[in-house]
Amino acid sequence: MELQKLSNGNHHDATVPVEGGAPSEEEEKFLQHKDDASKRPQFTDFEGKTSFGMSVFNLSNAIMGSGILGLSYAMSNTGIVLFLILLTCIACLSCYSVHLLLRSAGVVGIRAYEQLGFRAFGHAGKILAAVVITLHNIGAMSSYLFIVKYELPLVIQAFLSQTSSSEDWFMNGNYLIIIVTAGIILPLAMMKHLGYLGYTSGFSLSCMVFFLSAVIYKRFNIACPLEVFGNFSMNAEIPEDTCTAKFFTINQETAYTIPILAFAFVCHPEVLPIYTELSNPTKRRMQNIGNVSILGMFTMYFFTAIFGYLTFYENTEAELLHTYNKVDPLDTLILCVRLAVLVAVTLTVPVVLFPIRRALLQLLFPGKPFHWLRHIAIAVCLLFAVNLLVILVPNIRDIFGITGATTAPTLIFILPGLFYIRIIPTNQEPMNSRPKIQAACFTALGFIFMTMSLTFIALDWMSGEKRSLGGH
Ligand SMILES: NC(=O)C[C@H](N)C(=O)O
């Protein structure tokens, strides 16, 4: 009944049902402004002050994460042209998905992924959205802390000019992630608004630009075939095409390309929180923020992938940093690059934490006003749980493989498409209208990607060759 009214109702209708019966304060304010809303979508759920530029930094930082490290590997399994086609497709689909979310949020009047879930499918929809966001973002946060756990001791070791690890506490990844969490991540996660993280996001992005510059520089500096550091080097039986770039190739690992790319472009849980804090918020402005960020990251992803691939060709590993490590673990530039990547992913953790906290607040304390204790306690619990996960589970990468193959397509394709179909009133856009049919195809594409990825992972596992999913 409630859903019926929602999907058929007009969004200017003051009887639009709200969660829990009575309208919450923020929804009441929105309804009072329904006359303005007839002119253009007007949000009063929160009055944001974050500028366009800061929002671009935050969204770009949310997009850019460990996913970037798996792209050269993806390119080595598809060839340059197929990779570029797939990268372009996923980037465009990602922009379209942002459009679907923004349109739906404009109708609902509250810029929260979970609220869209509620409007579309009632409580089940809200819980589904919150659970998927929580699982995905915990996966992303863990993958970032995994990088810290395994890379930071190696960086410290190299700065101390040691070639083997020692028993010292500062070489122990577990202690190091606790220190980094308590000293850097937690204070940032305690910020009241995501907008305040714009500066650290800008810094994180500049670290990634440095990473890209080094990848480009190294392309002209490392000879192929690789002179592997340490006890053995490539012998004379190097296959002829080891150092030739492929434009188009398909092999068993090509199947991992879509999950790797989909994961690399996920930023959708962060889109609505960033929209909420945007000053002068209009759909167009926020869509532009999405487009600029996705285009910027598309460019960075492409250049990182191609220069990484053109350095190592067939030898590119699932994690680009490891491949550099094989050449010369003590190279100062590569050391600085690894440090820069560490800083970048560390500064991304708080940005990715915000949507989980929002999802949990919506689930556990709906309609409650902001409270510092809740705000901080949730951040502490989340970081504690993620630290525990990263410390206790030795091989978490396969778990990420599954979550990456399921939650990433769900967040980008399936949920935005379904929400759009259910939320946009049928008297504005009938079910057989072009936008709704497009949204339905988009959802179907998400299911196809998910099934494909899971099938290939299952086949891979059954054949006994466990492989990790690139950036996860
Ligand atoms: N924000 C995320 O969920 C993942 C991010 N796109 C990454 O590449 O790491």
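By convention here, each chain's residues receive numbers from 1 onward along its written sequence. In keeping with the model being predicted, local features are shown solely for residues with a pLDDT of at least 70 and side-chain atom pairs are shown and tallied solely at 80 or more, while totals for entire chains, interfaces and linings include all residues. Side-chain metrics in this entry use all non-hydrogen atoms of the structure; hydrogen atoms and water are not considered.

Draft legend 1. Representation of the overall build of the chain in the model. Helix numbers and strand numbers start at the N terminus; a helix is a DSSP run of H or I with at least 4 residues, a strand a run of E with at least 2. In terms of regular secondary structure, the chain is built from 17 helices and 0 strands. Partitioning the contacts of the chain with sequence separation of at least 6, the portion at a separation of at least 24 is 83%. Surface accessibility follows the Shrake-Rupley procedure with a 1.4 Å probe radius. Residue values consider only the protein chains on display as shielding. Looking at the chain as shown, the accessible area adds up to about 19500 Å², and 66% of this sits on carbon and sulfur atoms. Throughout, a contact is declared for two residues whenever any of their heavy atoms are within 4.5 Å.

Draft legend 2. Molecular detail of the packing of helix α8 (residues 173–189) against helix α14 (residues 332–364). Close contact between α8 and α14 brings their axes to 9 Å; oriented N to C, the two are set at 50°. Relative to α14, α8 is oriented oblique. Handedness of the crossing formed by α8 with α14: right-handed. The residues of α14 that touch α8, namely those facing Val-180, Ile-184, Ile-185, Leu-188 and Ala-189, are Thr-346, Leu-347, Val-349, Pro-350, Leu-353, Phe-354 and Arg-357. The residue makeup of the contact of α8 with α14, split by class, is 10 nonpolar, 1 polar and 1 charged. Between N-to-C directions, angles cover 0 to 180 degrees, with each direction set by a line fitted to C-alpha atoms, over the stretch in contact for helices. For classification purposes, an angle smaller than 35 degrees is called roughly parallel, one larger than 145 roughly antiparallel, one from 65 to 115 roughly perpendicular, and anything else oblique. Should the near helix be turned anticlockwise from the far one by less than a right angle, the crossing is termed left-handed; should it be turned clockwise, right-handed. Ten residues, namely Ala, Val, Leu, Ile, Met, Phe, Trp, Tyr, Cys and Pro, are considered nonpolar, four, namely Asp, Glu, Lys and Arg, are considered charged, and the remaining ones, Gly among them, are considered polar.

Draft legend 3. Local environment of the pattern of salt bridges. The rule for a salt bridge is simple: a side-chain nitrogen of Lys or Arg has to be within 4 Å of a carboxyl oxygen of Asp or Glu. One pass over the full model with this rule turns up 4 salt bridges. The residue Asp-331 makes a salt bridge to Lys-218 at a minimum N-O spacing of 3.1 Å. Placement of the pair is Asp-331 in the loop between α13 (320–327) and α14 and Lys-218 in helix α9 (residues 198–219), with a sequence separation of 113 residues. The closest approach of N and O atoms between Lys-246 and Glu-314, which form a salt bridge, is 3.0 Å. Taken together, the residues Lys-246 in the loop between α9 and α10 (257–265) and Glu-314 in the loop between α12 (283–312) and α13 connect sequence positions 68 residues apart. Given a relative accessible area of 38%, Glu-314 falls into the partly exposed group. A 1.4 Å probe rolled over the protein chains alone gives each residue an accessible area, and that area as a share of the maximum for its type sets the label: buried under 20%, exposed over 50%, partly exposed in between.

Draft legend 4. Quick peek at the site of the ligand. By nearness alone, every residue bordering the ligand is listed as Ala-62, Ile-63, Gly-65, Ser-66, Gly-67, His-136, Ala-140, Tyr-144, Phe-263, Ala-264, Val-266 and Tyr-301. Two N or O atoms form a polar contact when they lie within 3.5 Å of each other; inside protein one atom must be a possible hydrogen donor and the other a possible acceptor, and for residues adjacent in sequence the pair counts only when both atoms belong to side chains. Contacts to the ligand include Gly-65, whose backbone N or O atom sits 3.5 Å from an oxygen atom. Measuring from a nitrogen atom of the ligand, one finds a backbone N or O atom of Ala-264 at 3.0 Å. Counting only elements with at least two residues in the shell around the ligand, the list comes to α4 (52–63), α7 (113–159) and α10. By residue number, the principal contributor to the shell around the ligand is α7, which donates 3 residues. Grouping the constituent residues of the shell around the ligand by class yields 8 nonpolar, 4 polar and no charged. Consider each residue's heavy atoms; a residue with any of them within 4 Å of a molecule or strand counts as near.

Draft legend 5. View of the side chain of Arg-338. Mapped onto the elements of the fold, Arg-338 is located in helix α14. When its relative accessible area of 1% is taken as the criterion, Arg-338 is described as buried. Not counting the four nearest positions on each side in its chain, Arg-338 is found in contact with Glu-151, Leu-154, Val-155, Leu-321, Asn-325 and Pro-329.

Draft legend 6. Layout of the nonpolar core. Counting residues in each nonpolar core, the largest one holds 133 residues, and the members touching the most others are Leu-71, Phe-83, Tyr-113, Phe-211, Phe-265, Met-286 and Tyr-301. Excluding anything up to four places from it in sequence, Phe-265 contacts Ile-63, Leu-87, Ile-90, Ala-91, Ser-94, Ile-294, Phe-298, Tyr-301 and Ile-412. Nonpolar cores are built from buried Ala, Val, Leu, Ile, Met, Phe, Trp, Tyr and Cys residues. Side-chain atoms within 4.5 Å join them into one set.

Draft legend 7. Here's a closer look at the environment of Gly-296. With respect to the element layout, Gly-296 can be found in helix α12. With 82 residues separating them in the primary sequence, Gly-296 and Ile-378 have C-alpha atoms 32 Å apart.

Draft legend 8. Broad picture of unusual backbone geometry. Even without being a glycine, Asn-280 presents a positive backbone phi close to 50°. Mapping Asn-280 onto the fold places it in the loop between α11 (268–276) and α12. Overall, the relative accessible area of 49% leaves Asn-280 in the partly exposed class. Positioned with a positive phi, Tyr-313 is a non-glycine residue whose angle comes to about 45°. When you line up the elements, Tyr-313 lands in the loop between α12 and α13.

Draft legend 9. Expanded view of the confidence of the model for the chain. Here the chain averages 83 in pLDDT, and 83% of its residues register 70 or above. pLDDT under 50 marks residues 230–235. Its contacts with residues more than four places away, or in other chains, come to 2 contacts. Confidence scores here are pLDDT values: one per residue, from the predictor, ranging 0 to 100. Per-residue pLDDT stays below 50 along residues 466–472; that stretch engages in 30 contacts with residues further than four places along the chain or on separate chains. ipTM for the predicted complex: 0.96, alongside a pTM of 0.84.

Draft legend 10. The environment of Leu-360, seen in detail. Position of Leu-360 relative to the elements: it lies in helix α14. Leu-360 sits 93 residues away from Ser-453 along the chain, and the two C-alpha atoms are 28 Å apart.

Draft legend 11. Summary view of the packing of α7 against α11. As a packed pair, α7 and α11 sit with axes 10 Å apart at the nearest point and diverge in direction by 115°. Packed against α7, whose contacting residues are Tyr-113, Leu-116, Ile-133 and Asn-137, the element α11 presents His-268, Pro-269, Glu-270 and Leu-272 at the interface. Among the residues making up the contact of α7 with α11, the classes are represented as 5 nonpolar, 2 polar and 1 charged.

Draft legend 12. Region of interest: the side chain of Ser-204. Mapped onto the fold, Ser-204 is located in helix α9. You can call Ser-204 buried: its relative accessible area is 2%. The contacts of Ser-204, once residues within four sequence positions are left out, are Asn-61, Ala-344, Leu-347 and Thr-348.

Draft legend 13. Fine view of a nonpolar patch on the surface. Together, Ile-127, Val-131, Leu-135, Leu-363 and Leu-364 give the surface a local cluster of nonpolar side chains, amounting to about 430 Å² of exposed area. Mapped by element, the contributors of at least two residues to the nonpolar patch are α7 and α14. Ranked by residue count, the leading element in the nonpolar patch is α7, at 3 residues. Examined against the element boundaries, Leu-363 turns out to sit in helix α14. Given the relative accessible area of 31%, Leu-363 is considered partly exposed. Patch building starts from residues that exceed 30% relative accessible area and form no salt bridge, then joins like charges within 9 Å and nonpolar side chains (Val, Leu, Ile, Met, Phe, Trp, Tyr) within 5 Å.

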